[in-house]
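# Reading the structure
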Protein chains: 4
Amino acid sequence: MVANTTGEIFKVTTFGLSHGKALGATIDGCPAGLNLSNEDIQNELNKRRPGTSNLTTSRDEKDKVEILSGIFNGMTDGTPITAIIFNKDQRSKNYDNLKNNPRPGHGDFCWREKFGNYDYRGGGRGSGRVTIGHVIGGAVSKKLLQQHNITTTAHVTSIHNIHSTKKFTLNTIKENITKNNVRCADLEVATLMEDEILKLKERGDSTGGKVEIIIDNVPVGLGQPVFDKIDGDFAKALMNIGAVKAVEVGCGIESSTLTGHEMNDEYYIEDNKIQTKTNNAGGIVGGMTNGMPIILKISVKPTPSVSGIQNTVNLEKRENSTIEIEGRHDPCICPRITTVAEAVCNMVLADHMIRAGYIHPDKIN
Amino acid sequence: MVANTTGEIFKVTTFGLSHGKALGATIDGCPAGLNLSNEDIQNELNKRRPGTSNLTTSRDEKDKVEILSGIFNGMTDGTPITAIIFNKDQRSKNYDNLKNNPRPGHGDFCWREKFGNYDYRGGGRGSGRVTIGHVIGGAVSKKLLQQHNITTTAHVTSIHNIHSTKKFTLNTIKENITKNNVRCADLEVATLMEDEILKLKERGDSTGGKVEIIIDNVPVGLGQPVFDKIDGDFAKALMNIGAVKAVEVGCGIESSTLTGHEMNDEYYIEDNKIQTKTNNAGGIVGGMTNGMPIILKISVKPTPSVSGIQNTVNLEKRENSTIEIEGRHDPCICPRITTVAEAVCNMVLADHMIRAGYIHPDKIN
Amino acid sequence: MVANTTGEIFKVTTFGLSHGKALGATIDGCPAGLNLSNEDIQNELNKRRPGTSNLTTSRDEKDKVEILSGIFNGMTDGTPITAIIFNKDQRSKNYDNLKNNPRPGHGDFCWREKFGNYDYRGGGRGSGRVTIGHVIGGAVSKKLLQQHNITTTAHVTSIHNIHSTKKFTLNTIKENITKNNVRCADLEVATLMEDEILKLKERGDSTGGKVEIIIDNVPVGLGQPVFDKIDGDFAKALMNIGAVKAVEVGCGIESSTLTGHEMNDEYYIEDNKIQTKTNNAGGIVGGMTNGMPIILKISVKPTPSVSGIQNTVNLEKRENSTIEIEGRHDPCICPRITTVAEAVCNMVLADHMIRAGYIHPDKIN
Amino acid sequence: MVANTTGEIFKVTTFGLSHGKALGATIDGCPAGLNLSNEDIQNELNKRRPGTSNLTTSRDEKDKVEILSGIFNGMTDGTPITAIIFNKDQRSKNYDNLKNNPRPGHGDFCWREKFGNYDYRGGGRGSGRVTIGHVIGGAVSKKLLQQHNITTTAHVTSIHNIHSTKKFTLNTIKENITKNNVRCADLEVATLMEDEILKLKERGDSTGGKVEIIIDNVPVGLGQPVFDKIDGDFAKALMNIGAVKAVEVGCGIESSTLTGHEMNDEYYIEDNKIQTKTNNAGGIVGGMTNGMPIILKISVKPTPSVSGIQNTVNLEKRENSTIEIEGRHDPCICPRITTVAEAVCNMVLADHMIRAGYIHPDKIN
């Protein structure tokens, strides 16, 4: 059933997979009059690209995006915006054994059972490459949100057993994450993280980690109780990114151990602006934004493609078998997943900004 | 914008709030031919009711549900099923101070800013009482899922700092949770939990906890990548329950500290049935069910209504103020939230079972 | 599948049928702050009621509506509005023969094949009584549109072979239709129509007719090309009213016989207001409103319940059979259908007014 | 707001316009395992192409379509299918005067008011060329329906004042329409129609006409009362094709002049198959298919682009002005609109076939 579109008004439909001709996305519902160019989208895509450091896969994807529709005179015209990237540099021959032997930890088995004729090469539509579509949609929503000074920043807070616990201001975070390959705000811990990843890469293993997302300058009242609360939409959008196994808002899991007096964020007013003294809620109360920064956290599992022999089944012969995954694999996707996390959060925000009447549905200004 | 309906095919729309005339829900998209009676819904509602033990509020809600449409000859007829409950036993006079002074930790401030004319009495549409609608929808989906032997069981695994760590079989869990007031599988720990809740109640405080949900007998292939994966839908449904601040699937947060070799669930076949040796994934891989039990966990924050003076603002006068909440309040909603968690998971399952072609959209059998 | 909800933002879900406990509707997405009372809805319902003249059925339905939710301080509060009517005065015993013998011209056969356990009494969910839900939704949208001085007026232009061809101003139409039982603007022709209906009633037959709907004061730009154009939404809404077999916009069918020079409506500007010299388009061009009055026409087939023996089949025995319909039946539903036509058009307008940014999604003003 | 997607499960999103880089469509929700190739889509597109006869515009569009995603091993794989066509042969310079002077009969004025930055060249997203997307979606649904032997045939029944009144069998219609340029079943009348069109072309005028669509072999029970009846969805889909001003089902407008006894289609059973003796209903009763052939009719207005000076307004200067349209224009789009009408009907059918459980949502067979 319908599965490849996200959003109620600002809708993004993505298509394409790892080894087909092209990947892309169509954005419908973006108001007219917004400046938008190939560069706006290319910048975001470059951040998610592997092969930018020795930490990631060696697959070199010089993905060049092209906007095919929806732009006139350098601005959106209210019609659907389709942007596309053609696949290159694919080595299909690594995947023949996948046809009948599902890889543990990947969705192969489910895809095969569900659709039958499923493109198993490189993980098909389950491949991380599919997030190119997410990032295209995210880039357009980011431009829209910039009009309202809303910023979304994702940074890595832990990798394997290495945790970054120091607190930084948002500005420091924004600055520091560009200065290292793991997008961590703590430059010292970043070095430890890089070493850990390389160590695991050498022994053909992988690891997970945690990412925090901070959204700044949100207006009050985004979210639609009771079934389209904005924390629910963030949870869905983030959980839907492959490899995410947990989503937290504000204190998250820690909330379960607190008392009411410890958890409650008290209100106060200063310079006619209403804020809360603490922000344990993470900017969302009753399913709606209260104006404080939104704090979200995701837990990312280790990428399943690791070296060595793993036990599986042969789906044709219906008997136990083994599989050994070759090829190029990312030991830790957390640094790259930050761009995708920002993208999906931005799509949720753009949609809710229009739904709450903060952005005109047809034309900006 | 549209906010009070959940589901794509099996759709549930709820209405009503804490202090209005009635609460209820309309279920559209339930196939015809399903046995359904007032009792089926009443049983689920009785589980969520406060006043059943000294642990909860003293508000006595003998909520009697009545199905108004959608049933013919004791079975669903394919038309919308509306069930309704009339509100009784409301003490409005406790809420006058809420009109202009938002309670910390509740959604009052957001509701007021967003809608203006919002019914603040008892938390209005943000009240926990609103989950009556969720449970009505959950009851109907539960009947539908029973046809496929799918069961959904929620149990409390921690309250404040008291954790239940022992592992039990699903059958033991189903049995033990009916034997204590906190719906905990570990009868000894249950006693400790009850004491903790009473202690907090006496001093006018509240606390949170964690709940685990286990879903059994699911077929393979539920879920629709890439934007309607079933873990995403579970995450949204659970996060949307008031007071939930985190959702985990399988290992959840722990996944972030594992390596690929530790996390991957290997496949094997036995008696022609394909399973995995471990279930760190929690039954969902690539966004789809793989046939193993689905394991979900939610973290619930402490209910915000606690005794004592709290700081807030007066929205009319635009100045700092205080508020003191009186009345009857639940010190810990985790035991009751289990019924709501089961309900929303069942609604997601019913919807996906139809979307994946396992249940006929118009009539069963 | 989902079938009982109309609208994208301003959503109306209806429930109930001819012989069940109650009928009603839930309106979700109506902004807060709109004055709304039981009377607003009751007034519209009274117009659709049979038994108000000797022209219609003798079924006396004193349908008293009650709003159960969504109102606070006499205004909408942004939460779902549910209004309900309990069924009375039902004579079930007339319908036993319908169980296995579908009536020609009604949906019985389709309902039975599709759902199996379908409530055949009085036509079940296919009964005209179901339009109570439409009218409830229409009443709420009408209040919302009144804020923008948008009016929707439906009047009968033909019954059987009797046509009203004189042109009247909209004000005259609005006035005259309240002065006769067939809601015709031409008072002389109205008398002829009434005689024709009574004649047909006496011989146990029925007839159809045409209704024109005029919508005034619409802003420019309602409608969303290419798949949610407003003429498409009007066509769907009107065709979905039982018994409607054709929908026209502006010139409608006549357009097919014109040349481009004859059809085109030229623009001109006067007092800074842009209008067209003619209005063959009926106020909608390129799928969007251009500010001129919207003109729609529907063709209504004769109600199928007529006296005498009709040929049908026995679905149980799978053999040819006959049926003779007894009971009370409306010889011509055109006068009553005007209220339903206005209702569905108003729901479409309310939805598009919000979608185009003319009405704030959360609160008016 | 969301406007460029049609369908609930079988969803088609189109993008692109007359003078941009490319046009195309993304089909989501098509089950896996369906044979599909570029040829399948190219065949349908060739039918809608102008320049195939002296009756149409001289714009030569050798539109070559390419499928970019959603196919594996020559069959659909359950992921979104995107097909695209690059625009060529565009003469932009003809459109400069359109920037501020809306053409009568076209949507220019509405597009401009609604979106501001609207691509006016060649009618932009309001251009007939946009139906390329409709036909792509229609081609895929046609393949899906072929599995169930459902056929959709559109033929021209009148042009200007020339009517084809003879009745033909469906097989004769399918055969004859390929033998002339106006797609008329009556070969003699076809010649008269061709002469009429050429006559109007020479004098720089245009005309409208009527098209009938016959759908054969439909199963019983497609359609979802009360708001997603299949006649309502056909009405919306057809009315949404540019230039359509009326939609009829079965007898259509004629129904309004009949009595109940004349209109009702009586049931009978023969060889265990239930049919009706007449088919005035056009195959749809109570909003659902009853198994008889579906008969739909559309009335098409004359294309607005005609020669000579027309009165309009200058939107910048806010004063009356004139416009003279040059360039290449189709004197009558009825022959070409038949392909688009078939396409949109097929998309509605594919969607309802899945919604009614006749086609599996994930994989065929």
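Given the structure is predicted, the values throughout are model-derived calculations rather than measurements.

Rules used throughout
- Residues numbered from 1 in each chain as written.
- Chains lettered and ligands numbered in written order.
- Predicted model: local features only at pLDDT ≥ 70, side-chain atom pairs only at ≥ 80, totals over all residues.
- Heavy atoms only, no water.
- Buried < 20%, exposed > 50% of the residue type's maximum accessible area, 1.4 Å probe, protein only.
- Helix = DSSP H or I, 4+ residues; strand = E, 2+ residues; numbered from the N terminus.
- Pairing = 2+ DSSP bridges.
- Polar contact = N/O pair within 3.5 Å; in protein donor to acceptor, adjacent residues only side chain to side chain.
- Contact = heavy atoms within 4.5 Å.
- Buried area = accessible area lost by both parts, 1.4 Å probe.
- Salt bridge = Lys/Arg side-chain N within 4 Å of Asp/Glu carboxyl O.
- Nonpolar A, V, L, I, M, F, W, Y, C, P; charged D, E, K, R; others polar.
- Phe/Tyr/Trp six-rings, centres within 6.5 Å; stacked < 30°, edge-to-face > 60°.
- Lys NZ or Arg CZ within 6 Å of the ring centre and 35° of its normal.
- Least-squares fit on C-alpha atoms with pLDDT ≥ 70 in both.
- Axes fitted to C-alpha atoms, helices over the stretch in contact; angles between N-to-C directions.
- UniProt positions renumbered as here; feature names shortened; annotations may be inferred.
- Disulfide = S-S within 2.5 Å.

## Details of the pairing of strand β7 (residues 81–86) of chain A
Residue and element names in this part refer to chain A. Burial of β7 is extensive: 5 of the 6 residues sit out of reach of the surface. As paired strands, strand β3 (residues 22–28) and β7 are joined by 6 bridges and run antiparallel to one another. Bridged to L23 within β7 is I85.

## Considering the side chain of N314 of chain C
All names here are of chain C. In this fold, N314 is placed in strand β17 (residues 309–314). According to the relative accessible area criterion, N314 is buried, its value standing at 11%. A polar side-chain atom of N314 sits 2.9 Å from the main-chain amide nitrogen of E316. In this structure the side chain of N314 is engaged in a polar contact, spanning 2.9 Å, whose partner is the backbone nitrogen of K317. What N314 contacts, discounting residues up to four positions off in sequence, is N100, N101, E319 and S321.

## Observations regarding the pairing of strand β2 (residues 11–15) of chain C
Residue and element names in this part refer to chain C. With 5 of 5 residues buried, β2 lies mostly within the body of the structure. The alternating pattern of β2 places K11, T13 and F15 on one face and V12 and T14 on the opposite face, and all of these are buried. Bridging between strand β1 (residues 5–6) and β2 involves 2 bridges; their strand directions are antiparallel. Of the residues in β2, the one forming a bridge with T6 is V12. Sheet topology places β2 next to strand β3 (residues 22–28); 5 bridges connect them, and they run antiparallel. Bridge assignment links T13 to a residue of β3, and that residue is T26. Connecting β2 to the next strand, β3, in antiparallel fashion are 6 residues, including G16 with a positive phi near 95°.

## Observations concerning the interface of chain A and chain C
Taken together, the contact between chain A and chain C spans 8 residues of the former and 8 residues of the latter. Between chain A and chain C, a total of about 530 Å² is buried, with carbon and sulfur atoms accounting for 41% of that surface. Together, A356, P361 and D362 of chain A form the three largest contributors to the area buried by chain A at its contact with chain C, with a combined 46%. On inspection of chain A and its partner chain C, the count reaches 0 salt bridges. Linking chain A with chain C are 2 residue pairs in polar contact (both at pLDDT 80 or more), by the criterion used here. A breakdown of the residues in the side of chain A that touches chain C according to their chemical character gives 3 nonpolar, 3 polar and 2 charged.

## Brief notes about the packing of aromatic side chains
Residues and elements named next belong to chain A. In this structure the tally under the stated criterion is 16 aromatic pairs over all chains. Put simply, the rings of W111, F115 and Y118 pair up and form one aromatic cluster. For the cation-ring pair, K114 lies above F115, with the distance from its terminal atom to the ring centre recorded as 5.7 Å.

## Examining the pattern of salt bridges
Under the criterion given, the structure shown has 72 salt bridges over all chains. Here D330 of chain C makes a salt bridge to R336 of chain C, at a shortest N to O gap of 2.9 Å. Here D330 of chain C and R336 of chain C have matching classes, each one buried. In this structure, a network of salt bridges that share partners links the residues D228, D233 and R355 of chain A together with K236 of chain B.

## Thoughts on the relation of the copies chain B and chain A
Rotating chain B by 180° and moving it 0.0 Å along the rotation axis overlays it on chain A with an RMSD of 0.0 Å. Here the copies are linked by what is in effect a two-fold axis. Rotation axis and chain B: the residue whose C-alpha lies nearest the axis is K236 of chain B, separated from it by 2.4 Å. Take the interface residues of chain B: 100% of them recur as interface residues in chain A, which is what a same-surface contact looks like.

## Quick word on the packing of helix α1 (residues 38–48) of chain C against helix α8 (residues 334–355) of chain C
All names here are of chain C. The N-to-C vectors of α1 and α8 enclose an angle of 145°; their axes lie 7 Å apart at closest approach. Facing E44, K47 and R48 of α1, the residues of α8 in contact are R336, T339 and E342. Its residues assigned to classes, the contact of α1 with α8 comprises no nonpolar, 1 polar and 5 charged.

## Comments concerning the interface of chain B and chain A
The interface is formed by 102 residues belonging to chain B together with 102 residues belonging to chain A. For the pair chain B and chain A, the summed buried surface comes to about 8500 Å²; carbon and sulfur atoms form 59% of the total. Put simply, chain B and chain A have 4 salt bridges between them. For K236 of chain A, the salt bridge is made with D228 of chain B, and the minimal N-O distance between the two is 3.0 Å. The interface formed by chain B and chain A contains 51 residue pairs in polar contact (both at pLDDT 80 or more).

## Examining the UniProt feature "binding site: FMN" in chain A
As annotated in UniProt, the feature "binding site: FMN" corresponds to R125, G126, S127, G286, K301, P302, T303, P304, S305 and R328 of chain A in the numbering used here. Inspection of the secondary structure puts K301 of chain A in the loop between β16 (294–300) and β17 (309–314). Taking relative accessible area as the criterion, K301 of chain A reaches 11% and is therefore assigned buried. For K301 of chain A, the residues in contact, after removing those within four places along its chain, are G105, G208, A243 and K245 of chain A together with S255 and M263 of chain B. At 2.9 Å, the side chain of K301 of chain A forms a polar contact with the backbone oxygen of G105 of chain A.

## Looking at the sheet that holds strand β7 (residues 81–86) of chain D
Across the sheet, 5 strands lie side by side as β1-β2-β3-β7-β4 (chain D); this open sheet has antiparallel pairing. Each edge of the open sheet is held by one strand with a lone partner, namely β1 (5–6) and β4 (66–67) of chain D.

## Structural notes on the UniProt feature "binding site: NADP(+)" in chain A
The feature "binding site: NADP(+)", as annotated in UniProt, sits at R48 of chain A in this numbering. Within the element layout of this structure, R48 of chain A appears in helix α1 (residues 38–48).

## A short note on the relation of the copies chain A and chain C
Mapping chain A onto chain C calls for a rotation angle of 180° and an axial translation of 0.0 Å; the resulting RMSD is 0.0 Å. Comparing interface residues between copies, 100% of those in chain A also sit at the interface in chain C, which points to an isologous, same-surface contact.

## Structural notes on the state of the cysteines
All names here are of chain C. Inspection of the entire model under this criterion finds 0 disulfides over all chains. Of the cysteine sulfurs around C30, a residue in no disulfide, the closest is that of C345, at 18 Å. What makes C30 buried here is its relative accessible area of 5%. Of all cysteine sulfurs, the one in C334 lies closest to C332, which takes part in no disulfide; the gap is 3.8 Å. Residue classification places C332 among the buried positions, given a relative accessible area of 3%.

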